[in-house]
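The chain contents come next:
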Amino acid sequence: MLKRKRSRHVALVLAGTATLALAACEDDRVDAQSFPDLQSCIAAAEENSLFFTAEDCRTNFAAAQEEYLETAPRYESKELCEQQHGAGNCGDDPVAQNSGGGGFSFMPLLMGYMLGSMMSRGGGVFSQPMVRTADGRFATPKGDQSFASNRGAGKVPTQTFTRAPSTLGKPPLSSAAVAQRGGFGQSSTARSSSRGFGG
Amino acid sequence: MEKITLPERPDWRIEAEALGFTFADMGGEPYWDETSAYRLTLQQIEEDIEAPSTELHALCREAVAKAVLSEEWLTRLDIPRPYWDLVEQSWSNGEPELYGRMDLAYDGKGPAKLLEYNADTPTSLYESASFQWLWLEEQQKRGVLSPDTDQFNALHEALVERWAEICEPATEIHFAADKSNPEDYATVEALAWAAREAGMGAHFTDLAGIGVTEEGQFADDKDRVIGTLFKLYPWEDMLRDDFAAYLQGSGLRCIEPAWKAILSNKGLLPLLWEMFPGHPNLLPAFFEADVAEALKGGAPAPSVADAFAAAEEQLRAGYVTKPIFSREGAGVSIFERGHETERTQDDSYSHHPMILQALAPLPEYSGFHPVLGAWIVGEACVGLGIREDRARITHNLSRFKPHFIEG
């Protein structure tokens, strides 16, 4: 055959809505490990052959610190911050102190960071900073993923490593308070419609 | 192009069911029908379908570039005025398209003619990309078809590639459709698997379950924020829904982009004919309001007088009228020698402005009229799916027929 006109493989199975929704949430999990500080990460990397090296620890700890400063929530009072992150878990905003401006100058303390292996996605090692939650857990700054501890290994959803926005708006898949529903699907160009929407 | 009778795979119904292809029979009539198949030569595929369809898509992009800046065309296409900016910006920002299906009239000889372009919400993707592919592979294994046969069906691989081109790695994409409609859902799931293969996260949400958050973002039926939305839901409806007002401030990326509202609109056909009159793959087309009087012996609208004169003889022989918004043949009528000779029962779109297009009679093969669905992924034609109907107007109970390339 000179030139093949068809795919070498296709996706044959239609799994249904429940499976697609579930598969997307459950299968997209990556190896992850969290550390309270840089030293414990380096120690772990040197002790065992893991998905990251001591160098990855350094690079990612620096990245996580920077990301923490950019994306961790900021509050106008320490009380408000502690309501969200627990007593004793908040401090002054170092960025606001340096620049000397802004009314939001309290933020949760950096309590560790999590490394994730993105090898299956063609990436390398990714990281996210961790802060405390009001119920004593550890969460990434965007708050949609929380963990019992800042020390340990396991599998976490890929989106854990999606960067939180530093501007307005929440990132995809984070949980949000829905104000109203059902505003799409009224299909108003058809006078009567029992069909679907495609054609 | 020929229609060849072939033995069915004895267990295909069991296999279809096992794969989740639950609508292979619909309303007591077969939908997937492999008692026969269309055979096309490689030359027919490449020169008459693939290359012209890719070219037509490029012409369509030129038409979009013109229409988004034209108040006259945005008005004629009935794009709601509050969203002209949204449509124009989606184009000027270069938001990329994913897929579409051109419906062509073709009989193996002469140029294929574009009947319409479902560029926004085309279905029958699973049957085209997957079940049709499986049919060819299995019929080759069984010796029913020669190992030298092929199929114009690079859809799945092209979709995987396209997703990777148009989304950042590991983008979380929501797929919305009417979950109670298995045909719509199957198309969406086929797209979602391709997206996942391209490294994206894929999440299904029922269209009617989508909500707006307190911050004005969209959220799925589980309250999770939607960043990128593939919607199997036409722009013409979306822009008339209550939530349309939230689109611009929501940060939502929609696939297809909003400029597809211009292409999926049958007003595209007169627009193309105005821009590219006489193109071998286009049929003369006008807004009915511009030429209705002229067909009764009066005068056409001055702006189309020359074009009407050039096409008058062809139109008098036969033309089709269809609403600018309509799907699956709804509201379509055929007129020949001035008399209505066929119409579909479904008139649920007939209150919209109508267009009029010269009749390209569909060929007949053993009592059925095939329409060729040329699949566009990105900007190129990558596959073919054929549906045929006893009636001359293809509607939603048409049959899907497999095809193969030989010779």
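Since we're looking at a predicted model, the values are computed, not measured.

1. Quick notes on unusual backbone geometry
Residue and element names in this part refer to chain B.
Phase 1: That bond from Ile-255 to Glu-256 is cis: its omega, 0°, falls within 30 degrees of zero.
Phase 2: Take Glu-256: it is sitting in the loop between strand 12 (253-255) and helix 9 (260-263).
Phase 3: Although it is not a glycine, Ser-366 adopts a positive phi angle of roughly 40°.
Phase 4: For Ser-366, the position within the fold is in the loop between strand 17 (354-358) and strand 18 (369-377).

2. Regarding the pairing of strand 18 of chain B
Residue and element names in this part refer to chain B.
Phase 1: Of all the 9 residues making up strand 18, 9 are buried; the element is thus mostly covered by neighbouring parts of the structure.
Phase 2: Of the two faces of strand 18, the one holding His-369, Val-371, Gly-373, Trp-375 and Val-377 and the one holding Pro-370, Leu-372, Ala-374 and Ile-376 are both buried throughout.
Phase 3: Sheet topology places strand 5 (residues 99-105) next to strand 18; 6 bridges connect them, and they run antiparallel. Within strand 18, the residue paired with Arg-101 across the bridge is Trp-375.
Phase 4: Connecting the antiparallel pair strand 18 and strand 19 (residues 380-389) is a turn made up of 2 residues, with Gly-378 showing a positive phi of about 65°.

3. Observations concerning the side chain of B:Thr321
Residue and element names in this part refer to chain B.
Phase 1: Relative to the helices and strands, Thr-321 is located in strand 14 (residues 318-323).
Phase 2: By relative accessible area, Thr-321 is classed as buried at 4%.
Phase 3: If near-sequence neighbours (up to four positions away) are discounted, Thr-321 is found in contact with Glu-288, Gly-331, Val-332, Ser-333, Phe-335, Met-354, Ile-355 and Leu-356.

4. Quick word on the sheet that holds strand 9 (residues 178-181) of chain A
Phase 1: Here 3 strands make up an open sheet; going across it, the order is 9(A)-9(B)-10(B) and the pairing antiparallel. Each of the sheet's edge strands pairs with one partner strand only, and the pair in question is strand 9 of chain A together with strand 10 (218-219) of chain B.
Phase 2: The pairing of strand 9 of chain A with strand 9 (residues 211-213) of chain B spans 3 bridges and is antiparallel. Residue pairing in the sheet places A:Val178 in a bridge with B:Thr213 of strand 9 of chain B.

5. Some thoughts on the nonpolar core
Residue and element names in this part refer to chain B.
Phase 1: Formed by 88 residues in total, the largest nonpolar core has its most connected members in Leu-104, Phe-218, Trp-235, Leu-247, Leu-272 and Leu-315.
Phase 2: Counting residues per element, this core draws most heavily on helix 2 (residues 42-67), at 8 residues.
Phase 3: Both domains that furnish three or more residues to this core are identified here as domain 1 (38-264 + 366-405) and domain 2 (284-358).
Phase 4: Of all hydrophobic cores here, the second largest spans 54 residues; its members include Trp-32, Phe-131, Leu-155 and Ile-173.

6. A few points about helix 3 (residues 54-71) of chain A
All names here are of chain A.
Phase 1: With 18 residues, helix 3 extends 25 Å from end C-alpha to end C-alpha; this agrees with the ideal 26 Å at 1.5 Å per step.
Phase 2: For helix 3, the set of buried residues is Ala-54, Cys-57, Asn-60, Phe-61, Ala-64, Glu-67, Tyr-68 and Thr-71. The arc that holds the buried residues of helix 3, viewed along the axis, is 135°, so those residues lie on one side.
Phase 3: On its buried face, helix 3 is in contact with helix 2 (38-47), strand 3 (106-108), strand 4 (112-117) and strand 5 (125-132).

7. Looking at the packing of helix 2 of chain B against helix 10 (residues 268-275) of chain B
All names here are of chain B.
Phase 1: Direction vectors running N to C along helix 2 and helix 10 enclose 100°, while the axes themselves pass 10 Å from each other. Between helix 2 and helix 10, the angle falls in the class roughly perpendicular. Seen from helix 2, the contacting residues are Leu-59, Cys-60, Glu-62, Ala-63, Lys-66 and Ala-67; seen from helix 10, they are Leu-268, Leu-271, Leu-272, Glu-274 and Met-275.
Phase 2: Residue composition of the contact of helix 2 with helix 10, grouped by class: 8 nonpolar, no polar and 3 charged.

Definitions and cut-offs
Residues numbered from 1 in each chain as written. Chains lettered and ligands numbered in written order. Predicted model: local features only at pLDDT ≥ 70, side-chain atom pairs only at ≥ 80, totals over all residues. Heavy atoms only, no water. Helix = DSSP H or I, 4+ residues; strand = E, 2+ residues; numbered from the N terminus. Buried < 20%, exposed > 50% of the residue type's maximum accessible area, 1.4 Å probe, protein only. Pairing = 2+ DSSP bridges. Contact = heavy atoms within 4.5 Å. Core = buried A, V, L, I, M, F, W, Y, C linked by side-chain atoms within 4.5 Å. Domains from an automatic or database assignment. Expected span 1.5 Å × (residues − 1). Arc of directions from axis to C-beta. Axes fitted to C-alpha atoms, helices over the stretch in contact; angles between N-to-C directions. Parallel < 35°, antiparallel > 145°, perpendicular 65-115°, else oblique. Nonpolar A, V, L, I, M, F, W, Y, C, P; charged D, E, K, R; others polar.

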